[in-house]
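If you want the building blocks of each chain, they are given just below.
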Amino acid sequence: MPGWLSRWPIEQRVLAGFGLVFASVLVISVVSYRNTAVMVQNSRLDTRTYELIQLLRSIEEALVAAESGHRRYLVTGDESYLRAHQAIVEQMPDYTRYFHALVANDSEQRDSITQLEQLIKQQLDIEAQAIKQRAEQGADAVRHLALPGVAKRELETIHRVIADLESTEQRSVRARVFESTSSTHNTIALLGLGALLQLVLLGSVYYLIHHDITARRRVAAELRRRGELLQAANKELEAFSYSVSHDLRAPLRHIDGYAALLSKTAGPSLNDKAQRYLQTISDSAKQMGQLIDDLLVFSRMGRQEMLRSTVNLNQLVKTVIHDLHLDLQGKKISWTIGSLPEVPGDPAMLRQVFMNLLSNAVKFTATRPEPHIEIGATQEPSGEVTIFVRDNGVGFDMQYVNKLFGVFQRLHRNDEFEGTGIGLANVRRIIHRHGGRTWAEGAIDHGATFYMSLPLKRTA
Amino acid sequence: MTTVKPILLAEDNPRDAELALAAMEEHHIADKVVVCHDGAEVLDYLYCRGLYKSRECGNPAVVFLDLKMPKVDGIEVLRTIKNDTNLKPIPVVMLTSSREERDLAQSYALGANAYVVKPVEFQQFISAVKELGVFWGVINEPPPEGTESAA
C-alpha cells in the first residue's frame, strides 16, 4: 500500500474503494448502452434493407410482365395482355412513395432510386406510345416493334440498376453484421473485465474493513483486559487502605491511651523530664494518626466516584469563608472577592479545594499585622477559567515551587506553622480530576498566589 | 436511672477493652460492663448459651460492637440481633476504627442505632466512651422486657 494511501483514515479508503466500484459500473453501463443502441439501429436498418430488396424484386417482376404483355398485345391486339402494364402504371405512385420512405436517410441510394424511377417512367412511356400506335394504326404499323420489344434496352438498364442497388444493400448488411458482432464481443469482454475489477475492488474494501475491525477488536479486548487489571489493582488498593484505616489506628490509640494512663497513675511521682517524654510519646502518636487520616483522605480523593454537577464558585467561596471565620477567633482579615463563574464539577471536592487554599491563606497570613486575601478569576480564550487565591502572607521561595503540591511536602517547620502537608496535594489531585492544572507564585515575605485552571465545559 | 442492666462491650483487642474500661471507670459504670472477645461470644451471651448458660437471662442496656472481630464479625452480629424479634429492641452502637463509607452505610442499613469512630487521641477516646456509656447505659431508658413483638 503506498504511503499516502495508508495515511488516509479507514473511512476515506473505504469510500474511495466504493467510489471506484461505482465509477466502473457507470463506465460499463454507458459503453453497454451505446453498443446496444448500435445493434438496435443496425437491426432496424437490416429490416429496411430487406424491405427495399423485396420491393425492387416486385417492381422488376412487374416490369418484366408489363413488357412481355405489351409485346403480346402488339402482336395479337388482345387487350387482356395489357393488364400487367396498366397495373404497374396505376401502382407506380405507391411504389414511388414507398421507395422514398425507405431511402429517406440514405442520399447515395436516393440518387440511384431517382435514376431508377426515371428509367421506369421512360420504359412505361415508350410502352404506352407503342400501345397507342397499335390501337390507332393497327398491327402492321407496330409489327417491327413487337418482336424485339420497344423498351428492351431500358429494361436491361433497369435490371442493372436494381442489381447494383441490391448489391450495395447486401454489402452494407454484411458491414453491419460485422459491426454488431464485434460490438457484442466488446460488450461481453467489457462486462467480464468490469466484473473482475469490481470483484478486486470490493475484495480490497472487504479486506480493509475486515482488517480494521480485527484491529479494533484487538484493541477493545486489550482495553477490557487492562480495565480488569486496573479494577483488580484498585480493589487491592481499597482493601489496603481499609486495612490501614482499621488496623494502623488501633496501636496508635493504645500508645496514646497507655501513655495517658501511665501519666495518670504515675504522674505525681514522675519528674518533669519523664513527664515531657510521656507527652512526646502521646504527641507523636497523635501526629501519626493525623498523617494516616490525611493519607486516607488523599487516597479516597483519587478513587472516589466524581459527582457531575454545576458548582457556583461565588457561593462556595462564601460558605467556605463563613466556615473558616468560626475558627478565626476574631482575627481581622480583609477579603477581596472578585466575580467567580459556575463550573462543572463535584461540589464536595471543590469545597475541599477552597477549604485547603483559603485555610492555607489564613494560616500563612496569621503573623501579618494586616492580613489581606484576594480571590479572583480570569476567563481564558481556550474556554478555561483561571482562579487565583492571593495572600500577603509569609510567601515561599520560588526555588521550592515544585515541592509545594507534593504529598507531605512542607516548606515550613512544624513549630512555625502546623499541618501535615497534604492540603495542596489534595488540591492538585482534585483539580487534575476536573481536567485542570495548578501552579503557584510567591516570594519570601511577599505573599503567595495559588492558581488553578478549570474547564468551563464538561469534558467527556 | 438506676437500671441494673449490663452494658455489653464486644471488643477483640484486650488493650482497647482495657482502655474502654478505664474510660468507663472514670464515671463509675465499669462494673456494669461485660466484655466479649469475639462475635460468637456476643451471640452466646445474648442467647444465654455456652459460657453464659448460667447467667440470669435478659437483654443488656446497650451493645457496643466492634466491626472487625474473629469468628463472627460485627456486621454479622448486628444482622443477627436486628433479625431476632427478642433482641431487636437492644440499642446497638458500632464502635470501630473504620471510617469507610461502606461500613457506615451497611451498619445503618442493618439497623445500627449509632456509629462511632474510635478517636486515636486518648482524651477524645475517653470522652467518647464515657459519653456513650453514660448515655446508653444510664440516661437512655431501655425498652421494657417482653415487648419484643410490639417494639
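Because the structure is a prediction, the values reported are computed rather than measured. (Residues numbered from 1 in each chain as written. Chains lettered and ligands numbered in written order. Predicted model: local features only at pLDDT ≥ 70, side-chain atom pairs only at ≥ 80, totals over all residues.)

**Description of the overall build of chain A**
Right, on to step 1. Helix and strand counts for chain A stand at ten helices and seven strands.
Right, on to step 2. Scored against the burial criterion, the 460 residues of chain A give a buried share of 22%. (Helix = DSSP H or I, 4+ residues; strand = E, 2+ residues; numbered from the N terminus. Buried ≥ 20, exposed ≤ 12 C-beta atoms within 10 Å, placed from the backbone.)

**Observations regarding the overall build of chain B**
Right, on to step 1. Helices and strands together make up the secondary structure of chain B, namely five helices and five strands.
Right, on to step 2. Secondary structure elements in chain B, listed N-terminal to C-terminal, are β-α-β-α-β-α-β-α-β-α.
Right, on to step 3. By sequence separation, contacts in chain B at least 24 residues apart represent 67% of the contacts at least 6 residues apart. (Contact = placed C-beta atoms within 7 Å.)

**Notes on unusual backbone geometry**
Right, on to step 1. In this model, Asp445 of chain A sits at a positive phi of 70 degrees, which is unusual for a non-glycine residue.
Right, on to step 2. Tracing the backbone shows Asp445 of chain A in the loop between β6 (437–442) and β7 (448–455).
Right, on to step 3. Even without being a glycine, Cys48 of chain B presents a positive backbone phi close to 50 degrees.
Right, on to step 4. For Cys48 of chain B, the location among the structural elements is in the loop between α2 (39–46) and β3 (62–65).
Right, on to step 5. Its 14 C-beta neighbours within 10 Å are what place Cys48 of chain B among the partly exposed residues.

**Points about the environment of Gly111 of chain B**
All names here are of chain B.
Right, on to step 1. Here Gly111 shows up in the loop between α4 (101–110) and β5 (114–117).
Right, on to step 2. We classify Gly111 as partly exposed; it has 13 C-beta atoms within 10 Å.
Right, on to step 3. When the C-alpha atoms of Gly111 and Pro91 are compared, they prove to be 9.3 Å apart, with 20 residues separating the residues in sequence.

**Description of the sheet that holds β3 of chain B**
All names here are of chain B.
Right, on to step 1. One open sheet accounts for five strands, arranged β2-β1-β3-β4-β5; its pairing is parallel. Pairing within the sheet leaves two strands with one partner each, and these edge strands are β2 (33–36) and β5. With direction set aside, neighbouring strand axes in the sheet form an average angle of 20 degrees.
Right, on to step 2. Relative to β2, strand β1 (residues 7–10) runs parallel, the two being bridged by four bridges. Counterpart to Ile7 in the pairing with β2 is Val33.
Right, on to step 3. Helix α3 (residues 74–83) contacts β1, β3 and β4 (92–96) of the sheet and is inclined by roughly 180 degrees relative to β4. (Pairing = 2+ DSSP bridges. Axes fitted to C-alpha atoms, helices over the stretch in contact; angles between N-to-C directions.)

**Overview of the interface of chain B and chain A**
Right, on to step 1. Opposite the 16 residues of chain B that make contact, chain A presents 15 residues.
Right, on to step 2. For the side of chain B that touches chain A, the elements supplying multiple residues, two or more each, are α1 (14–25) and α5 (122–139) of chain B.
Right, on to step 3. In terms of residue class, the side of chain B that touches chain A is made up of five nonpolar, four polar and seven charged. (Nonpolar A, V, L, I, M, F, W, Y, C, P; charged D, E, K, R; others polar.)

**A short note on helix α2 (residues 10–76) of chain A**
Right, on to step 1. Taking 1.5 Å as the rise per residue, α2 of chain A with 67 residues should run 99 Å; its terminal C-alpha atoms sit 99 Å apart, in good agreement.
Right, on to step 2. Following α2 of chain A by one or two positions, Gly77 of chain A has its phi on the positive side, about 80 degrees. (Expected span 1.5 Å × (residues − 1).)

**Quick notes on the packing of α2 of chain A against helix α5 (residues 139–146) of chain A**
All names here are of chain A.
Right, on to step 1. Taken N-terminus to C-terminus, the directions of α2 and α5 make an angle of 140 degrees; their axes are 8 Å apart at the nearest point. With respect to α5, the element α2 is oriented oblique. Taken as a pair, α2 and α5 cross one another with a handedness that is left-handed. Residues Arg71, Leu74 and Val75 of α2 form the contact with α5, whose own contacting residues are Val142, Leu145 and Ala146.
Right, on to step 2. Grouping the constituent residues of the contact of α2 with α5 by class yields five nonpolar, no polar and one charged. (Parallel < 35°, antiparallel > 145°, perpendicular 65-115°, else oblique. Left-handed = near helix turned anticlockwise from the far one by under 90°.)

**Here's the deal with the environment of Glu11 of chain A**
Right, on to step 1. Its location among the elements puts Glu11 of chain A in helix α2.
Right, on to step 2. Look at Glu11 of chain A and you get exposed, because 9 C-beta atoms sit within 10 Å.

**Concerning the nonpolar core**
Right, on to step 1. Ranked by size, the top nonpolar core spans 42 residues in total, and within it Ala10, Phe64, Leu65 and Val93 of chain B carry the most contacts.
Right, on to step 2. For this core, the secondary-structure elements that each account for two or more residues are α6 (152–266) of chain A together with β1, α1, α2, β3, α3, β4 and α5 of chain B.
Right, on to step 3. If you tally residues by element for this core, the top one is α5 of chain B, at six residues.
Right, on to step 4. Counting residues in each nonpolar core, the second largest holds 37 residues, with Phe354, Leu358, Phe405 and Val427 of chain A among its members. (Core = buried A, V, L, I, M, F, W, Y, C linked by C-beta atoms within 7 Å.)

**Looking at the confidence of the model for chain B**
Residues and elements named next belong to chain B.
Right, on to step 1. Per-residue pLDDT for chain B averages 81, and the proportion of residues at 70 or more is 93%.
Right, on to step 2. Looking at the elements of chain B, mean pLDDT is at its lowest for α5, recorded as 81, and at its highest for α3, recorded as 90.
Right, on to step 3. Prediction confidence for the complex, expressed as pTM and ipTM, is 0.53 and 0.76 respectively. (pLDDT = per-residue confidence, 0-100.)

**A short note on the sheet that holds strand β4 (residues 372–379) of chain A**
All names here are of chain A.
Right, on to step 1. Across the sheet, five strands lie side by side as β2-β4-β5-β7-β6; this open sheet has mixed pairing. Only two strands of the sheet have a single partner each, and these edge strands are β2 (334–337) and β6. Taking the axes of each pair of neighbouring strands and ignoring which way they run, one obtains an average angle of 15 degrees across the sheet.
Right, on to step 2. Sheet topology note: the strand β5 (residues 384–391)/β7 ladder contains eight bridges and is antiparallel.

**A closer look at the pairing of β5 of chain B**
Residues and elements named next belong to chain B.
Right, on to step 1. In terms of strand pairing, β4 meets β5 through four bridges, oriented parallel. From the neighbouring strand, Thr96 faces β5, where its bridge partner is Val117.
Right, on to step 2. What joins β4 to β5 is α4, and the crossover it makes is right-handed. (Right-handed = clockwise from strand over helix to strand, strands pointing away.)

**So, the packing of α1 of chain B against α5 of chain B**
Residues and elements named next belong to chain B.
Right, on to step 1. The geometry of α1 relative to α5 is characterised by a closest axis approach of 8 Å and an angle of 65 degrees between their N-to-C directions. When the axis of α1 is compared with that of α5, the two are roughly perpendicular. For the element pair α1 and α5, the recorded crossing hand is right-handed. Seen from α1, the contacting residues are Leu19, Ala20, Ala23 and Met24; seen from α5, they are Phe125, Ile126, Val129, Lys130 and Gly133.
Right, on to step 2. Residues of the contact of α1 with α5, tallied by class, amount to seven nonpolar, one polar and one charged.

**What about α1 of chain B?**
Right, on to step 1. Taking 1.5 Å as the rise per residue, α1 of chain B with twelve residues should run 16 Å; its terminal C-alpha atoms sit 16 Å apart, in good agreement.
Right, on to step 2. Those residues of α1 of chain B not exposed but buried are Asp16, Leu19, Ala20, Ala22, Ala23 and Met24 of chain B.

**Quick notes on the environment of Met94 of chain B**
Residue and element names in this part refer to chain B.
Right, on to step 1. Tracing the sequence through the fold places Met94 in strand β4.
Right, on to step 2. Met94 sits in the buried class, given 25 other C-beta atoms within 10 Å.
Right, on to step 3. Residues Met94 and Ala114, 20 residues apart in the sequence, show an inter-C-alpha distance of 6.1 Å.
Right, on to step 4. Beyond its immediate stretch of four places on either side in the chain, Met94 contacts Leu65, Leu67, Gly74, Ser107, Ala112, Ala114, Tyr115 and Val116.

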